[in-house]
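Understanding the architecture of this molecule
What follows is the residue order along each chain.
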Amino acid sequence: MFKKILIANRGEVALRILRACRDLGIQTVAVHSTADAEAMHVRLADESVCIGPAPAAKSYLNAQEILSAATITGADAVHPGFGFLSENANFAQMVEEHGFRFIGPSPQHIAMMGDKITAKKTAVSLGLPIVPGSEEGVRDVETAHSIAQSIGYPVLIKASGGGGGRGMQVVPDMSLLEENYHAARTEAQMAFGNPEVYIEKYLDFPRHIEVQIIADSSGNVITLGERDCSLQRRHQKIWEEAPSPAIDETTRAALCDQVRTAIQKLGYQGLGTLEFLYQDDQFYFIEMNTRLQVEHPITEMVTGIDLVCAQIRVAAGEALSFTQDSIRLRGHAIECRINAESPLDFLPSPGTITIYHAPGGPGIRVDSALYPGAIISPHYDSLAAKLIVYGHTRAECLARLDRALSEYVIDGIQTLIPFHRALVRHPKIIAGTYHVKFLEQHADDLRHKEMGF
Ligand code: MV4
């Protein structure tokens, strides 16, 4: 097992990793920007190294500085968390070349899934269902026309270098294809340095359902059920739940079996998440995330497995200590992202926390690095805290979530707490009958409800 891990991240995830290290008896090194000198992850780590000024490009994305910090502190592994360098295959490679373990999959698997066309082709070869569309990058507008004609409009043009909703263009009918095709390529070139695009049939009201897997270096692959992440706003997840209210046990078992077989064939190692769109009782693979995810705690709540500890163990070469047959999904869990944003227009709300009172009681977990006096910097993303709630049933989970949200006090900045209070009482959320367009379609009634809080 590792003796010392450098945590190449900040905020609540840095703290989450630090806690896993403590539980495993591993020493921790925090890295931080000048803006984060007083941050909780720095205070709680055994050692810390300042790696640069506030802008992430000069600190948390600065591979050279991070590797220097690992060298001078004598770390034996680097945990990238999520965001920042977590899905950068070059960084993973550099970490390994400097003699440290990268806590994540191989650089080859990161690169394969980072290119969305390669990821889709790989999925096909592994027997996973995909959205009908082009199998390769679409090189000219004539090819785009013939593919769109054969699958039927509307179609969606996606960037191979994109992912997570970045660089997508909906094409409602033939008249807009040429214009949107060129716009998509130009945008892709500018955003990702790669103009390659592909075409898919556009699904109008899908749900986003993702399957968590973990694999060790001995070829054991275990699926840990699914999460429903359909509640998103501008491709930012806001609320996630496990299990999905949209699928039954038989459907889940079939999906997870398919994923398990695919990942065994792939020879993948580490944590991973396969994202699917789900519409009209069909699953379609769209992307794979090769990292720990923000919403991992809901899977921990329904499986009882500490995903970060398991991730560190498999990275150190240990075999998984549990089997697929031992996994029992129990109860229901929901995560609300408590962003430092205005709950009415979602604009960032940086500032200093004055009062902080976290909720508690049965079924409540809060993953956050907040404290009175903590600074929410405008330099980083707005995720301030995650409220994770467990219930034996979905109804109990919703009731506890309502209770927890009413107890939660964060002053000094605006947060999404009032938005979540409106969400948890919305009839369609209570019924579980939402899809990826829900937040867009119900913005007005949610905003109206929020005014009451
Ligand atoms: C789609 C789609 C409809 N049809 N693909 C957005 C994020 C990226 N991971 C994939 N996304 C979508 N791909 C086809 N063929 C609709 C979306 C989509 C979406 C997906 C998941 C969660 C929220 C979403 C919001 C808008 C669009």
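Shown above is the structure to which this text applies.
Scope of this entry: the structure provided in the associated data block. Not measured: the values here are computed from a predicted model.

1. Some points on helix 12 (residues 394-407)
Helix length check: helix 12 (14 residues) gives 20 Å between terminal C-alpha atoms against 20 Å at 1.5 Å per residue, within 8%. Among the residues of helix 12, those classed as buried are Arg394, Cys397, Leu398, Arg400, Leu401, Asp402, Ala404 and Leu405. Contacts made by the buried residues of helix 12 are with strand 11 (236-242), strand 14 (332-339), strand 17 (364-368), strand 19 (383-391), helix 13 (417-423) and helix 14 (427-431).

2. Structural notes on the packing of helix 4 (residues 89-97) against helix 5 (residues 107-114)
The axes of two packed helices give the description: the angle between them and the distance between them. Relative orientation of the contacting elements helix 4 and helix 5 amounts to 175°, with a least axis distance of 8 Å. In terms of their interaxial angle, helix 4 and helix 5 are classed as roughly antiparallel. Listed contacts from helix 5 to Ala89, Ala92 and Gln93 of helix 4 are Pro107, Gln108, Ile110 and Ala111. Of the residues that constitute the contact of helix 4 with helix 5, the class distribution is five nonpolar, two polar and no charged.

3. Focus: the pairing of strand 14
Put simply, side chains in a regular strand alternate between the two faces of the sheet. Burial of strand 14 is extensive: eight of the eight residues sit out of reach of the surface. The alternating pattern of strand 14 places His332, Ile334, Cys336 and Ile338 and Ala333, Glu335, Arg337 and Asn339 on opposite faces, both of which are buried. Here four bridges tie strand 11 to strand 14, and the two strands are oriented antiparallel to one another. By the bridge assignment for strand 14, Glu241 is matched with Ile334. Bridge count between strand 14 and strand 19: eight bridges; the pairing is antiparallel. For Ile338, the partnering residue across the bridge sits in strand 19 and is Ala385.

So, how was this worked out
- Residues numbered from 1 in each chain as written.
- Predicted model: local features only at pLDDT ≥ 70, side-chain atom pairs only at ≥ 80, totals over all residues.
- Heavy atoms only, no water.
- Helix = DSSP H or I, 4+ residues; strand = E, 2+ residues; numbered from the N terminus.
- Expected span 1.5 Å × (residues − 1).
- Buried < 20%, exposed > 50% of the residue type's maximum accessible area, 1.4 Å probe, protein only.
- Contact = heavy atoms within 4.5 Å.
- Axes fitted to C-alpha atoms, helices over the stretch in contact; angles between N-to-C directions.
- Parallel < 35°, antiparallel > 145°, perpendicular 65-115°, else oblique.
- Nonpolar A, V, L, I, M, F, W, Y, C, P; charged D, E, K, R; others polar.
- Pairing = 2+ DSSP bridges.

Limitation: the analysis is restricted to geometry and does not speak to function.
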